[in-house]
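# Architecture at a glance
Here are the chains, one letter per residue:
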Amino acid sequence: MKIKDFELEVFFTKYEFNIPYLLTQSDCQSISINELLSYRDGAKEEFLNLSLGYTEVCGAPKLRQMVSSLYTTMDESNILIHSGAQEAIFNFMNIFLNKEDHIITQYPIYQSLFEVAASIGCDTSKWMLRQNNEGWYTDIEELENLIKPNTKLIVLNSPNNPTGYTFKEEELLKIIEIAKKHNIYIFCDEVYKGLEVDNIKRPWLADLYQKGISLGVMSKSYGLAGLRIGWVATKDLDILDKLTKMKHYTSICSSAPSEFLATLALEYSDEILNKNLSLIKRNLKIAVQFFKKYPTLFKFNAPMAGPVGFIKMNIEEPINEFCDKLVKEKGVLLLPSNIYFYEGQYFRMGFSRDNFDISLKKFEEYLIEKKYV
Ligand SMILES: Cc1ncc(COP(=O)(O)O)c(C=O)c1O
């Protein structure tokens, strides 16, 4: 199998660990193991006495049970733990798709959500997210028009990376109605769930649709990317069985310390999510003030949910060149829209880091120094 480079990861490899002002990150501010263990009395002791043997392929039973409790219609038999979300995307596309299949993906979207299918040889169509003055939106009729006789899968990412768009429940129900009519599965990457800026809790896709697969992870909303714990939730047990057999070839099982820490974090799920959401809201207030100052240079729509927004910049030079100079000269990292193969002059900004205000100040300094404003 041949697969194209993952542009976002290639870009981050250059900068993520040597740049002071990360203004584009999609994972929430992380915490130390010590801080996480201090959530529950006795947790430190249990952690230190943990065995470092293999764990169960499908994930530790307590962890699967905690994950299933996030849903309304799942139990642990519906959950398969993976190494981050990325392993689950890669494995799912590989067990589910053949080269004769057609898939439709929401767009712009995280690259692996269409690239793995493309590498299998599938025909892929883009269902575009569109933007007007109020923000990002989708046209569900457009989705139905993209369906072909061999369409096997619709791929969604809600809340969406990079736009921060999230489907309202009635939209999800309409998409499901279309999928049912055409006998199509839906894979919904929901790794940013729990960070609803508008405070509306929306259902997970797998709770609504028998042929729905929900993807979740500890990396993003929980800010625990270093655990590399993700999961797939679905009522389709045949898919779970195939995914388990695929996992035998990829990671076999997750790391025991990570499973322990993920279980502990999920016991305090609401607290951790509320903490991260409060930080995003604080930073969004700062961002709103900033973008108000420069209405002709930027078009900014705050995310409906999640830690990132996709911001249009009104400049002549290509956005990737602007971002390259910004990071090299000022140490401020923004992700240019070409990383998403997206036409138009956009960059992704992240609102989930402690030093957001400082990084934004540095960005503003650069704009002033270089006479953009
Ligand atoms: C939408 C989306 N899905 C999946 C992933 C991969 O997550 P993980 O790092 O947990 O594998 C990312 C990471 O940026 C993402 O943005």
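Above: the structure in question.
Residues numbered from 1 in each chain as written. Predicted model: local features only at pLDDT ≥ 70, side-chain atom pairs only at ≥ 80, totals over all residues. Heavy atoms only, no water.

## Focus on helix α1 (residues 7-15)
For α1, the full list of buried residues reads L8, F11, F12 and Y15. All buried residues of α1 lie within an arc of 95° about the axis, which places them on one face of the element. Its buried side turned inward, α1 meets α13 (319-330), β13 (332-333), β14 (335-336) and β15 (346-350). (Buried < 20%, exposed > 50% of the residue type's maximum accessible area, 1.4 Å probe, protein only. Helix = DSSP H or I, 4+ residues; strand = E, 2+ residues; numbered from the N terminus. Arc of directions from axis to C-beta. Contact = heavy atoms within 4.5 Å.)

## Quick word on the layout of surface pockets
A volume near 590 Å³ is recorded for the largest pocket. For the largest pocket, the lining is made up of 25 residues, of which E9, D27, K220, A225 and R228 are closest to its centre. Looking at the lining of the largest pocket, the elements that each hand over two or more residues are α1 and α5 (84-96). Taken domain by domain, the lining of the largest pocket gets at least three of its residues from each of domain 1 (7-32 + 270-369) and domain 2 (53-269). (1 Å grid on protein atoms, 1.4 Å probe; cavity = no way out; pocket = protein on both sides within 12 Å on 5 of 7 lines; lining within 4 Å. Points joined across faces, edges and corners; volume = space filled by probe spheres on them. Domains from an automatic or database assignment.)

## Looking at the sheet that holds strand β11 (residues 298-299)
Note: strands within a sheet are paired through backbone hydrogen bonds, in either parallel or antiparallel orientation. In spatial order, the strands read β11-β12-β15-β14; together these four strands make up an open sheet with antiparallel pairing. In the strand order of this sheet, the two ends are held by β11 and β14, each with one partner. Here two bridges tie β11 to strand β12 (residues 308-313), and the two strands are oriented antiparallel to one another. When the bridges of β12 are listed, F298 appears paired with M313. The sheet contacts of helix α14 (residues 356-369) involve β11, β12 and β15, and relative to β15 the element is tilted by about 150°. (Pairing = 2+ DSSP bridges. Axes fitted to C-alpha atoms, helices over the stretch in contact; angles between N-to-C directions.)

## Some points on the packing of aromatic side chains
Summed over all chains, the structure comprises 35 aromatic pairs. With 5.6 Å between their ring centres and 50° between their planes, F351 and F356 make a pair best called tilted. A single burial state applies to F351 and to F356, both of which are buried. The ring of Y107 is capped by K126, whose NZ or CZ atom sits 4.5 Å from the centre of that ring. The positively charged end of K193 is found above the aromatic ring belonging to W204, 5.6 Å away from the centroid. (Phe/Tyr/Trp six-rings, centres within 6.5 Å; stacked < 30°, edge-to-face > 60°. Lys NZ or Arg CZ within 6 Å of the ring centre and 35° of its normal.)

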